[in-house]
Amino acid sequence: MVMKCSKCNRDAVIFQNYSGMHLCREHFTADFEGRVKKAIRKHKWLSSGDRIAVAMSGGKDSSAVLYFLKKTFGDRRDIEIFAVTIDEGIKGYRDPSVVEKIAGRYGVKCHTASFKEHFGLTLDEIVQKKGDRNSCSYCGVLRRQVLNGLAVKLGATKIAMGFNLDDEAQSVMMNVLRGDSERLLRKQSPVPGMIPRIKPFMYLPEREVALYSHMYIEDYEERGCPYSHNALRADVRELLNDYNYRHPATKYALVNLGEGLKEGPGGDETKAGICKVCGEPVFGECGTCRVLKEILG
Ligand code: SF4
Ligand code: ZN
């Protein structure tokens, strides 16, 4: 039997176990978009004059962020939206033409930068050299720098990321499991030269983002990265999904914890600066120089 929407008489498309509501397509969309707008207001993520670079992977989350931003702010003449994508050089996985196609459909320009042109190596070559055990930490650190560099070059004022509630909860949990108190407590104060990141979907569960994308986005790609099995994230994801099944508010609780720790006393704002070696904006030690030293020897 198809359940009926808790707000009207149409067939429900989703059950939210944390709110106890069944929602139809229309009420789900309104609820989803309403919560994203609320997150944007809460964090004051958008203002007049913003040039938003949407960091796209071609997958469901970032494609849905682009769709949402265009739908909601596309008519605002004081806000500009475009797409950026980073080609790490992972054969069979990363394909910038997928992003270009999706961006094209929403009438936005897509700009690409690659590991190869920045560091002289693709991620595949790094893995060949160093083995694939640390592929994700190298990839994450290097991507962050290339993405920021591209956004600076394009005059972006914000970088919009596709992270959802599950991603955010996993990140908090991973910092806990690594014992990384510095990351948990680090305040998100502006760093000169580092474009602020906004995460419109950070309070929306992955399955709701998946449903939203499924309803509104044509041909996004969900290919798996061949190195993703190495990530601590994959273990944490499984652990949290299992636990969250019995305790539906857990992911929200973790994200709240992450935000609370950053806002509370004890954060260190003094370490923002410029790396003496590469000249890029950094917090504390430069992650990019550390990784490059490690992989280039
Ligand atoms: Fe990079 Fe790891 Fe993501 Fe693959 S799974 S794209 S290696 S961070
Ligand atoms: Zn309804």
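Please read these numbers as outputs of a predicted model, since none were measured by experiment.

Here is what the cut-offs are and how they apply
- Residues numbered from 1 in each chain as written.
- Chains lettered and ligands numbered in written order.
- Predicted model: local features only at pLDDT ≥ 70, side-chain atom pairs only at ≥ 80, totals over all residues.
- Heavy atoms only, no water.
- Helix = DSSP H or I, 4+ residues; strand = E, 2+ residues; numbered from the N terminus.
- Expected span 1.5 Å × (residues − 1).
- Buried < 20%, exposed > 50% of the residue type's maximum accessible area, 1.4 Å probe, protein only.
- Contact = heavy atoms within 4.5 Å.
- Donors = N, O, S within 2.8 Å, 3.2 Å for Na, K, Ca; no water.
- Tetrahedral: all angles 85-135°; square planar, octahedral: opposite > 155°, others 65-115°.
- Axes fitted to C-alpha atoms, helices over the stretch in contact; angles between N-to-C directions.
- Left-handed = near helix turned anticlockwise from the far one by under 90°.
- Domains from an automatic or database assignment.
- Buried area = accessible area lost by both parts, 1.4 Å probe.
- Near = heavy atom within 4 Å.
- Nonpolar A, V, L, I, M, F, W, Y, C, P; charged D, E, K, R; others polar.
- Pairing = 2+ DSSP bridges.

Asks: When you look at helix α11 (residues 250-263) in this model, what are you seeing that I'm missing?
Replies: Note: α-helices contain 3.6 residues per turn, so residues at a spacing of three or four share the same orientation. Taking 1.5 Å per residue, 14 residues should reach 20 Å; α11 reaches 20 Å between its end C-alpha atoms and fits that length. Every buried residue of α11 is listed here: Thr 250, Lys 251, Tyr 252, Leu 254, Val 255, Gly 258 and Glu 259. Here the buried face of α11 lies against α1 (25-42), α7 (165-178), α8 (181-185) and α10 (232-246).

Asks: Which parts of the structure should I look at to understand the coordination of the zinc ion (ligand 2)?
Replies: Geometry sets the ideal angles at a metal, namely 109.5 degrees for four tetrahedral donors and 90 or 180 degrees for six octahedral donors. Coordination of the zinc ion (ligand 2) by the protein is provided by Cys 5 (SG), Cys 8 (SG), Cys 24 (SG) and His 27 (ND1), with metal-donor distances spanning 2.1 to 2.3 Å. Considering all four donor atoms around the zinc ion (ligand 2), angles at the metal cover 101 to 114° and the coordination shape is tetrahedral. Along the chain, the residues that donate to the zinc ion (ligand 2) are spaced as C-x2-C-x15-C-x2-H. When its relative accessible area of 1% is taken as the criterion, Cys 24 is described as buried.

Asks: Before we go on, may I ask you to explain unusual backbone geometry in this structure?
Replies: The general pattern is negative phi for most residues beyond glycine and trans for most peptide bonds. The backbone of Lys 44 shows a phi angle near 50°, a positive value even though the residue is not glycine. Within the secondary structure layout, Lys 44 lies in the loop between α1 and β3 (51-55). On the accessibility criterion, Lys 44 (70% relative accessible area) is exposed.

Asks: Quick question: what am I supposed to make of the packing of helix α2 (residues 60-73) against helix α9 (residues 206-216) here?
Replies: The interhelical angle for the contact between α2 and α9, taken along N-to-C directions, is 65°, at an axis separation of 9 Å. With respect to the hand of their crossing, α2 and α9 are arranged in left-handed fashion. For the pair α2 and α9, the contacting residues are Lys 60, Asp 61, Ala 64, Tyr 67 and Phe 68 in the first and Glu 206, Val 209, Ala 210, Tyr 212, Ser 213 and Tyr 216 in the second.

Asks: Just to check I follow, could you spell out the domain arrangement of the chain for this structure?
Replies: It is common to give the size of an interface as the accessible area that goes away when the parts come together. Domain annotation for the chain reports domain 1 (1-44) and domain 2 (48-222 + 230-264). A separation of 24 Å is found between the C-alpha centroids of domain 1 and domain 2. With 18 residues of domain 1 at the interface, the matching set in domain 2 holds 20 residues. The contact between domain 1 and domain 2 buries some 1,900 Å² in all, and 66% of this surface belongs to carbon and sulfur atoms.

Asks: When you look at the site of ligand 1 in this model, what are you seeing that I'm missing?
Replies: Surveying the vicinity of ligand 1 reveals the residues Ile 90, Tyr 93, Leu 123, Cys 136, Cys 139, Arg 143, Cys 225, Tyr 227 and Ser 228. With three residues, the top contributor of residues to the shell around ligand 1 is helix α6 (residues 135-153). Of the residues belonging to the shell around ligand 1, the class tally is seven nonpolar, one polar and one charged.

Asks: Got a minute to help me understand the sheet that holds β3 in this structure?
Replies: Two modes of strand pairing occur in sheets, parallel and antiparallel, and in both the strands are linked by backbone hydrogen bonds. Pairing in this open sheet of five strands is parallel, and the strands run β5-β4-β3-β6-β7 from one edge to the other. Both outer strands of the open sheet, β5 (110-114) and β7 (197-198), are each paired with one neighbouring strand and no more. Alignment of strand β4 (residues 80-87) against β5, held across five bridges, turns out to be parallel. Residue pairing in the sheet places Ala 83 in a bridge with Cys 110 of β5. The sheet strands contacting α2 are β3, β4 and β6 (158-160), and the helix crosses β3 at an angle near 155°. α6 rests against β3, β4, β5, β6 and β7 of the sheet, and its axis sits at about 145° to β4.

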